[in-house]
Amino acid sequence: MSSPSTATTAGEMPVEAPNAAIAQHGAGSSLLVRAVYLALLVLALVAPLIGLYPVFVMKLLCFALFACAFNLLLGFTGLLSFGHAAFFGFAAYVTGHTVKVMGWTPELGVLAGGVVAALLGLVFGFVAIRRQGIYFAMITLALSQMVYFICLQAPFTGGEDGLQGVPRGKLFGMISLVDDTVMYYLVLAVFVACFLGIMRIVNSPFGQVLKMIRENEPRAVSLGYEVDRYKLLAFVLSASLAGLAGSLKTLVMKFATLTDVHWSMSGEVILMSLLGGVGTFFGPVLGAGIVISLQNMLADKVGEWVTVIIGGIFVLCVLAFRKGVVGELLAWRDRRKARAKSA
């Protein structure tokens, strides 16, 4: 005998059918996302073999990691920092100095840059984390400018000349990183590990608390969460990942300059995140790809006007795609789901 919930008459749809269709649609979307990620990973693995310039792709991956680090703070915690260039640039200088002057191996130099960036983030966080909104952003900008002044004056940074000719060295003292292809696969491995790590953090209970703080901080406080501690930890994690990106960039490009720690670098990472889609996993990667590609293609043709062109694209994106490219695609998918549910 059929149960009431599943009984149907001729021409009727079973009661569970809409829910089953929605569940099937959600599973299909998840499989599609995984397929896209897998295809991109395969493309990244074969990139040097199909003629893509390894140094360009490595630079793109470094800035993609930088944007993902920033997105962890803004997109999933709701904190807008104008000072992330301090972590990116200062870690670049630390790695350059330890590898070139002190003779450290590249993995130790990168680790030193990440640790110093985390400590710097801890200092920034203690000062700024109790403020909100524009006050938080302005404090991070002021602290970042202090770091810029230190890098300008400190003898170990090379001042306005920066650190030039930083050697890549040998990984673990055995694997030479002089060859661009070998260096490329190291950068790719670090990027994939950090990207998966960010996804794991966001989908963990800790990440869910961060999202709650972003959506409704007073409610998180009322539920007994120590909001300042969560925000401080998110800030330190974001700073350490940004420092790791800066350290890798120094090894890839073999130099560290004041541009890395200038406030305009903070503006660039904000642009990358917003252009791709804040609060999404792949959005910052896509945004970094767009910005770096435009800079690479247009720099020789239009010179400094490339900044104006990118700015115009950003304004257009804000007006037409307020959630960023990936954010708008996800919103379109959600609208389809909502229509399927109401049908």
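Above this text you will find the structure in question.
What you are looking at is a predicted structure, and each value in this text was computed from that prediction instead of being measured.

Caption draft 1: A look at the overall build of the protein chain. When its secondary structure is counted, the protein chain shows 13 helices and four strands. In terms of overall dimensions, the protein chain is globule-like: its C-alpha atoms have a radius of gyration of 23 Å, near the 20 Å expected for 343 residues. Projected onto its principal axes, the C-alpha positions of the protein chain cover 85 × 50 × 40 Å. Buried residues in the protein chain amount to 43% of all 343 residues. Partitioning the contacts of the protein chain with sequence separation of at least 6, the portion at a separation of at least 24 is 75%. For the protein chain, the accessible surface area stands at approximately 17,400 Å², while carbon and sulfur atoms represent 68% of it. If you average the places of the 24 positive and of the 17 negative side-chain charges in the protein chain, the two averages end up 6 Å apart.

Caption draft 2: Main features of the pattern of salt bridges. The tally for this structure, following the rule as stated, stands at five salt bridges. With a closest N to O distance of 2.8 Å, Asp 180 and Arg 168 form a salt bridge. Here Arg 168 lies in the loop between strand E1 (163-164) and strand E2 (170-171) and Asp 180 lies in helix H6 (residues 180-203), a separation of 12 residues in the sequence. On the accessibility criterion, Asp 180 (25% relative accessible area) is partly exposed. What makes Arg 168 buried here is its relative accessible area of 4%. Note that Arg 229 and Glu 226 form a salt bridge whose closest N and O atoms lie 3.1 Å from each other. Using a relative accessible area of 45% as the deciding quantity, one classes Glu 226 as partly exposed.

Caption draft 3: Summary view of the packing of helix H2 (residues 54-77) against helix H3 (residues 84-100). Where H2 meets H3, the closest approach of the two axes is 11 Å, and the angle between their N-to-C directions is 140 degrees. In this structure, H2 crosses over H3, and the sense of that crossing is right-handed. When H2 is examined against H3, the residues Phe 63, Phe 66, Ala 69, Phe 70 and Leu 73 are found in contact with a partner set consisting of His 84, Ala 85 and Phe 88.

Caption draft 4: The environment of Val 278, seen in detail. Relative to the helices and strands, Val 278 resides in the loop between helix H10 (263-276) and helix H11 (283-302). For Val 278, a relative accessible area of 30% translates into the label partly exposed. Taking C-alpha positions, Val 278 is 7.0 Å from Gly 324, a pair spaced 46 residues apart along the chain. The contact partners of Val 278, leaving out residues within four places of it in the chain, are Asn 71, Leu 74, Gly 75, Ser 273 and Lys 323.

Caption draft 5: Broad picture of the nonpolar core. Counting 82 residues, the largest nonpolar core has Phe 66, Phe 87, Phe 124, Val 147 and Tyr 184 as its most contacted members. Per element, the largest residue contribution to this core is 17 residues, and it comes from H2. Excluding anything up to four places from it in sequence, Tyr 184 contacts Ala 44, Leu 45, Ala 47, Pro 48, Pro 54, Val 57, Met 58 and Leu 61.

Caption draft 6: Region of the structure containing unusual backbone geometry. Positive phi values are uncommon outside glycine, yet Phe 172 reaches one of about 55 degrees. Structurally, Phe 172 is set in the loop between E2 and strand E3 (175-176). The phi torsion at Lys 254 lies on the positive side, around 70 degrees, for a residue other than glycine. Inspection of the secondary structure puts Lys 254 in the loop between helix H9 (227-253) and strand E4 (255-256). Residue Lys 254 is classed as partly exposed on the basis of its relative accessible area of 36%.

Caption draft 7: Representation of H6 within the structure. Across its 24 residues, H6 extends 34 Å between first and last C-alpha, which sits within 8% of the 34 Å expected from 1.5 Å per residue. Burial in H6 covers these residues: Met 183, Tyr 184, Val 187, Leu 188, Phe 191, Cys 194, Phe 195, Ile 198, Met 199 and Val 202. At the N-terminal boundary of H6, the capping side chain belongs to Asp 179, with an oxygen 3.1 Å from the backbone nitrogen of Thr 181.

Caption draft 8: Broad picture of a positive patch on the surface. On the surface, Lys 323, Arg 335, Arg 336 and Arg 339 cluster together into a patch of positive charge. Here Arg 336 falls in the partly exposed class, since its relative accessible area comes to 38%.

Caption draft 9: Spotlight on the environment of Ala 239. Mapped onto the secondary structure, Ala 239 falls in helix H9. Once residues lying within four places of it in the same chain are set aside, the contact partners of Ala 239 are His 84, Phe 87, Ala 117 and Gly 121.

Caption draft 10: Inspection of a nonpolar patch on the surface at higher detail. A contiguous nonpolar surface patch, about 1,100 Å² in accessible area, is contributed by Leu 32, Val 36, Leu 38, Leu 40, Leu 41, Val 42, Leu 43, Leu 45, Leu 49, Ile 50, Leu 52 and Tyr 185. In terms of residues, the nonpolar patch owes the most to one element, helix H1 (residues 17-46), which gives eight residues. Exposure remark for Leu 32: the relative accessible area of 54% places this residue in the exposed category.

Rules used throughout
Residue positions are counted from 1 within each chain, in the order its sequence is given. The predicted origin of the model limits local features to residues at a pLDDT of at least 70 and limits the giving and counting of side-chain atom pairs to 80 or more, whereas totals for whole chains, interfaces and linings rest on all residues. Only hydrogens and water are set aside when side-chain values are computed; all heavy atoms of the structure are taken into account. Only runs of H or I of at least four residues qualify as helices and only runs of E of at least two qualify as strands under DSSP, and these elements are numbered from the N terminus. It is over C-alpha atoms that the radius of gyration is taken, and the globule rule equals 2.2 Å times the number of residues to the power 0.38. Burial classes: relative accessible area under 20% of the type maximum marks a residue as buried, over 50% as exposed, and values in between as partly exposed (1.4 Å probe, protein chains only). Contact definition: two residues touch when any of their heavy atoms are within 4.5 Å. For the area figures, the Shrake-Rupley method with a 1.4 Å probe applies, and any residue is considered shielded solely by the protein chains shown. When charges are tallied, Lys and Arg are placed among the positive residues and Asp and Glu among the negative ones, while His and the ends of the chain are skipped. Charge positions come from single atoms, namely NZ of Lys, CZ of Arg, CG of Asp or CD of Glu. When a carboxyl oxygen of Asp or Glu lies within 4 Å of a side-chain nitrogen of Lys or Arg, that pair is called a salt bridge. The axes used here are C-alpha line fits, helices contributing only the stretch in contact, and every angle between their N-to-C directions lies in the interval 0 to 180 degrees. Two helices that cross are described as forming a left-handed crossing if the nearer one is turned anticlockwise from the farther one by less than a right angle, and a right-handed crossing if clockwise. Here the nonpolar core consists of buried residues drawn from Ala, Val, Leu, Ile, Met, Phe, Trp, Tyr and Cys, with membership extended through side-chain atoms lying within 4.5 Å. An expected span of 1.5 Å times one less than the residue number is assigned to each helix. Whenever a nitrogen or oxygen atom comes within 3.5 Å of another N or O atom, the pair is scored as a polar contact, on the condition that within protein one atom can donate a hydrogen and the other can accept it, and that pairs from neighbouring residues in sequence are kept only if both atoms are in side chains. Only residues above 30% relative accessible area that lack a salt bridge enter a patch, with like-charged residues linked at up to 9 Å and the nonpolar side chains Val, Leu, Ile, Met, Phe, Trp and Tyr linked at up to 5 Å.

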